[in-house]
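What follows is each chain in one-letter form.
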Amino acid sequence: MDLKKSNAPVNTTTIDKNLLDQETGNIYEAISIISKRANQINVGIKKELLEKLDEFATYNDSLEEVFENKEQIEVSKFYERLPKPHALAAQEWLEGKIYYRNTKEDSESL
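As the structure is a prediction and not an experimental result, all values here were calculated from the model.

1. A short note on the overall build of the protein
- Assigned secondary structure in the protein consists of five helices and zero strands.
- Each helix and strand of the protein, ordered N terminal to C terminal, gives the series α-α-α-α-α.
- Pairs at least 24 apart in sequence give 73% of the contacts found in the protein among residues at least 6 apart.
- Counting only carbon and sulfur atoms, one obtains 50% of the accessible surface of the protein, whose full area is about 8900 Å².

If you want it as structure tokens, here you go:
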């Protein structure tokens, strides 16, 4: 997932309801799909962030010593400035980049 190349908005924006439910015909189904994708994105971002921050981790027995690492702060700030997972998922949905299928329709056709 390349978050730098996403053109998802960083701030809150209004999305036309008709654009969201155009694919499914049901706004609730579309929002459910977007929310599931947002959860996937969130898990991916969190995993990536923790891996990067783990590189800077120092393990010592003293709880009183707190080290400020500039690289660690910069990594954290980068992830804070990214668009939120729900904005990324909504943008992917509008661009047609999310694959989904209705399992009820698949089971009825068998």
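2. With respect to the confidence of the model for the protein
- Mean pLDDT over the protein stands at 84; residues scoring 70 or higher make up 83%.
- Ranking the elements of the protein by mean pLDDT puts helix H5 (residues 103-108) last with 70 and helix H4 (residues 85-94) first with 94.

3. Topic: the packing of helix H2 (residues 27-54) against helix H3 (residues 70-81)
- One can describe the packing of H2 onto H3 by two numbers: an axis separation of 10 Å at closest approach and a directional angle of 170 degrees. Between H2 and H3, the angle falls in the class roughly antiparallel. Of the residues in H3, those in contact with Ile45, Glu48, Leu49, Lys52 and Leu53 of H2 are Gln72, Val75, Ser76 and Tyr79.
- When grouped by side-chain class, the residues that make up the contact of H2 with H3 number five nonpolar, two polar and two charged.

4. Quick look at the pattern of salt bridges
- Inspection of the entire model under this criterion finds three salt bridges.
- Between arginine 37 and glutamate 92 there is a salt bridge; the shortest N-O distance is 2.6 Å. Residue arginine 37 is located in helix H2, and its partner glutamate 92 is located in helix H4; the two are separated by 55 residues in the primary sequence. An identical accessibility class is assigned to arginine 37 and glutamate 92; each is buried.

5. Here's the deal with the nonpolar core
- Ile34 and Trp93 are the most contacted members of the largest nonpolar core, which has 19 residues in total.
- Listing elements by their share of this core, those giving two or more residues are H2, H3 and H4.
- A per-element tally of this core places H2 first, with eight residues.
- When near neighbours in sequence (up to four residues on either side) are disregarded, isoleucine 34 contacts Leu20, His86, Ala89, Ala90 and Trp93.

Criteria and thresholds
- In this convention, every chain numbers its residues from 1, walking through the sequence in written order.
- Owing to the predicted nature of the model, reporting of local features is limited to residues with pLDDT of at least 70; listing and counting of side-chain atom pairs is limited to 80 or more, with chain, interface and lining totals taken over all residues.
- With hydrogens and water stripped out, all remaining heavy atoms of the structure feed into the side-chain values.
- Only runs of H or I of at least four residues qualify as helices and only runs of E of at least two qualify as strands under DSSP, and these elements are numbered from the N terminus.
- Note on contacts: a residue pair is in contact if any heavy atoms of the two residues lie within 4.5 Å.
- Note that accessible areas follow from Shrake-Rupley with a 1.4 Å probe, and for residues the cover is restricted to the protein chains shown.
- Per-residue confidence from the predictor is reported as pLDDT, which spans 0 to 100.
- Each axis is a line fitted through C-alpha atoms, taken for helices only over the stretch in contact, and angles between the N-to-C directions span 0 to 180 degrees.
- For classification purposes, an angle smaller than 35 degrees is called roughly parallel, one larger than 145 roughly antiparallel, one from 65 to 115 roughly perpendicular, and anything else oblique.
- Each residue is assigned to one class: nonpolar for Ala, Val, Leu, Ile, Met, Phe, Trp, Tyr, Cys and Pro, charged for Asp, Glu, Lys and Arg, and polar for all the others, Gly among them.
- Just to be clear on terms, a salt bridge is a Lys or Arg side-chain nitrogen sitting within 4 Å of an Asp or Glu carboxyl oxygen.
- Exposure classes here rest on a 1.4 Å probe applied to the protein chains alone. A residue is buried below 20% of its type maximum, exposed above 50%, and partly exposed in between.
- By convention a nonpolar core is built from buried Ala, Val, Leu, Ile, Met, Phe, Trp, Tyr and Cys residues, the set being connected through side-chain atoms within 4.5 Å.

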